[in-house]
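Report on the structure
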Amino acid sequence: MAAAAAVRSKRKLLVPYFHRLLHSAASPSPNRFLRHASPVPRAADHSPFFRLPAARVSTLPTGLRVVTQAYPAATRMASVGVWVDAGSRFELPGTNGTAHFLEHMAFKGTERRPTAHALEVEIEDMGARLNAYTSREQTTFFADVQGCDVPAALDVLSDILQHPRFPQQAIQRERGVILREMEEVVSAAGDVDHDEVVDKVRELFTRFSTDPTTADQLVEANPSVFTGSEVRIEDAEMPLAHLAIAFKGSSWTDPRSIPLMVAQSILGSWNRSIGVGNCSGSSLARGISNGGLAESLMAFNTNYRDTGLFGIYTTAPPDALDELSRLIMEEFRRLAFRVSETEVARARNQLKSSLLLHIDGSTAVSENNGRQMLTYGRVMPFLELFARIDAVDCAAIMETAKDFIVDKDVALAAVGPVSNLPELSWFRSQTSSDDKFTARMFSLGA
């Protein structure tokens, strides 16, 4: 107990020092990391990365859309899948688990492939991979195959989605009812030919729902409501506390979604096992690393059709929760009042690099295109997306942060030894717009 108290006392003494160190206007002293490079981020030309064929889109008479993008690869592999505008948020209280149920039951067999074993053997004989996942708003079934096997993969996907067999014993083991299909998109990337894919989809996908109800109509009828609230589960046996702090975020189509993406990059991510902390571009990561306040940190920005979640997830030792909470809330608030062009430029570059890394391979490309068709109604070219990102400056960040953070409700989720975590009312008080509070918050950095 005495040792823990000593550690807490030491941390309290260090926090003001770290604040002055991280937010001082003075330039950092040269060190071995900067001998051969400038500490000032530079705008990068990403156009060489986009010399790939543009995505092609066709809409069949049934309304089913087909998007393909040739993705040259020495392996001659391709990915093809069906993206459905149906997810767990559209379930009713009596049908909870339906989307996940459908995902699993689709692989139990079809009329032509009567058992799960028969389906698996066919896929494995092609050297292919068949998978599916369910999210809050979308359900996806996809296959990774050799380019020559794309027609066979489309045949399998159309079969499991239109002619599934649900054995009685399997239904008894699972719970739920089948969701109606809503808006669907077939997306293919890699070693694919657009016209061939369109012709095959037209031939095979003939029994999708004609229900005119759209996801937008369902969302409008039952919109999401963000509520300032908390869930705390005390478990003193866990070695670390797990904490998520969230604000209401933006929808996919909200223009402010791009500044929030850059703000997420400013907050950054960090993990003690990586070792990079005191030289990180994120002031939050530097403060946590230098103060030994956490084991890991990750900013998140999740978008939905009509809302979103913007915040931070972290794991930390229980005796550091108070100081950690103060530093996190200070960084949230700093986004609204004091952001430099240098850190915004760095965040823009990091965001663009991250987006490029996430489209490495045909699976990622087909997934990106299918998701964008459902959320935007088109595939946004990366040059356009990057132009939108480059248009974000520190003024846009601060304006957006004022819209989403200052005087806004906070949601908390905490699990583990969380008895030292401040109350929800304290977190809410840290978003105050009071000018005196703001001056006091940043007086250490003056």
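Values in this document were obtained by computation on a predicted structure and should not be read as measured data. (Residues numbered from 1 in each chain as written. Predicted model: local features only at pLDDT ≥ 70, side-chain atom pairs only at ≥ 80, totals over all residues. Heavy atoms only, no water.)

This paragraph deals with the overall build of the chain. A tally of regular secondary structure across the chain gives 16 helices and 12 strands. For the chain, buried positions account for 48% of its 446 residues. Long-range contacts, defined here as pairs at least 24 residues apart, represent 80% of the contacts in the chain between residues at least 6 apart. When the accessible surface of the chain is summed, it comes to about 22100 Å², and 54% of that surface belongs to carbon and sulfur atoms. (Helix = DSSP H or I, 4+ residues; strand = E, 2+ residues; numbered from the N terminus. Buried < 20%, exposed > 50% of the residue type's maximum accessible area, 1.4 Å probe, protein only. Contact = heavy atoms within 4.5 Å. Areas by Shrake-Rupley, 256 points an atom, 1.4 Å probe, with all protein chains shown as cover.)

This paragraph deals with the packing of helix α11 (residues 341–357) against helix α13 (residues 382–390). Packed helices, taken two at a time, are described by the angle between their axes plus the distance between the axes. As a packed pair, α11 and α13 sit with axes 10 Å apart at the nearest point and diverge in direction by 160°. Relative to α13, the element α11 lies roughly antiparallel. Considering how the two elements wind past one another, α11 and α13 form a crossing that is right-handed. Residue-level inspection shows R348, L351, K352, L355 and L356 of α11 in contact with α13, the latter providing F382, L385, F386, I389 and D390. Residues belonging to the contact of α11 with α13 are distributed by class as follows: seven nonpolar, no polar and three charged. (Axes fitted to C-alpha atoms, helices over the stretch in contact; angles between N-to-C directions. Parallel < 35°, antiparallel > 145°, perpendicular 65-115°, else oblique. Left-handed = near helix turned anticlockwise from the far one by under 90°. Nonpolar A, V, L, I, M, F, W, Y, C, P; charged D, E, K, R; others polar.)

According to the stated counting rule, one finds seven aromatic pairs in the structure shown. When the centroid spacing of 6.3 Å and the interplanar angle of 55° are considered together, the rings of F107 and F141 count as tilted. One end of the pair, F107, is in the loop between α2 (98–105) and α3 (116–125); the other, F141, is in strand β5 (residues 139–146), and 34 residues separate them in sequence. Residue F107 is classed as partly exposed on the basis of its relative accessible area, which comes to 22%. You can call F141 buried: its relative accessible area is 1%. The interplanar angle of 65° and the centroid separation of 6.4 Å between the aromatic rings of Y133 and F142 together place this pair among those described as edge-to-face. (Phe/Tyr/Trp six-rings, centres within 6.5 Å; stacked < 30°, edge-to-face > 60°.)

Looking now at empty space enclosed by the protein. Scanning all chains against the criterion turns up one cavity of 30 Å³ or more. Taken as a whole, the largest cavity holds about 30 Å³ of empty space. Sorting the residues of the lining of the largest cavity by element identifies α8 (257–267) and α14 (394–404) as the ones contributing at least two each. Per-element accounting of the lining of the largest cavity gives the leading share, four residues, to α14. For the lining of the largest cavity, the class distribution of residues is eight nonpolar, one polar and no charged. (1 Å grid on protein atoms, 1.4 Å probe; cavity = no way out; pocket = protein on both sides within 12 Å on 5 of 7 lines; lining within 4 Å. Points joined across faces, edges and corners; volume = space filled by probe spheres on them.)

What follows deals with the nonpolar core. Residues I245, I288, F332, L335 and I397 are the most contacted members of the largest nonpolar core, which totals 62 residues. Among the elements that line this core, the one with the most residues is helix α10 (residues 321–337), at eight residues. When neighbours within four sequence positions are excluded, I245 is seen to be in contact with F300, F310, G311, I312, I328, M329, F332, V410, A411, L412 and F427. The next biggest cluster of nonpolar side chains, apart from the first, holds 35 residues, and it includes A86, V156, L161 and L204. (Core = buried A, V, L, I, M, F, W, Y, C linked by side-chain atoms within 4.5 Å.)

Our next topic: the packing of α8 against α14. Closest axis-to-axis distance for the α8/α14 pair is 9 Å, and the angle between their directions is 95°. When the interaxial angle is binned, α8 and α14 end up roughly perpendicular. Two secondary-structure elements touch here, α8 through P259, L260, V262, A263 and I266 and α14 through A396, I397, T400 and F404. Looking at the contact of α8 with α14 residue by residue, the classes come out as eight nonpolar, one polar and no charged.

Before going further, it helps to spend a moment on the environment of R42. Structurally, R42 is set in the loop between α1 (2–23) and β1 (56–59). A sequence separation of 304 residues divides R42 from R346, and the C-alpha atoms of the two residues are 7.8 Å apart.

Predicted confidence across the chain gives a mean pLDDT of 84, with 80% of residues reaching 70 or more. Scored below 50 in pLDDT, residues 24–36 makes two contacts in the model with residues more than four places away or belonging to other chains. Across residues 172–181, where pLDDT falls below 50, the model places 27 contacts with residues more than four positions away in sequence or in other chains. (pLDDT = per-residue confidence, 0-100.)

Turning our eyes to something else, we now look at the sheet that holds β1. Here six strands make up an open sheet; going across it, the order is β1-β2-β6-β3-β5-β4 and the pairing mixed. Of all the strands in the sheet, just β1 and β4 (129–134) have a single pairing partner and so form its edges. Neighbouring strand axes in the sheet, compared pairwise and without regard to direction, differ in orientation by 15° on average. (Pairing = 2+ DSSP bridges.)

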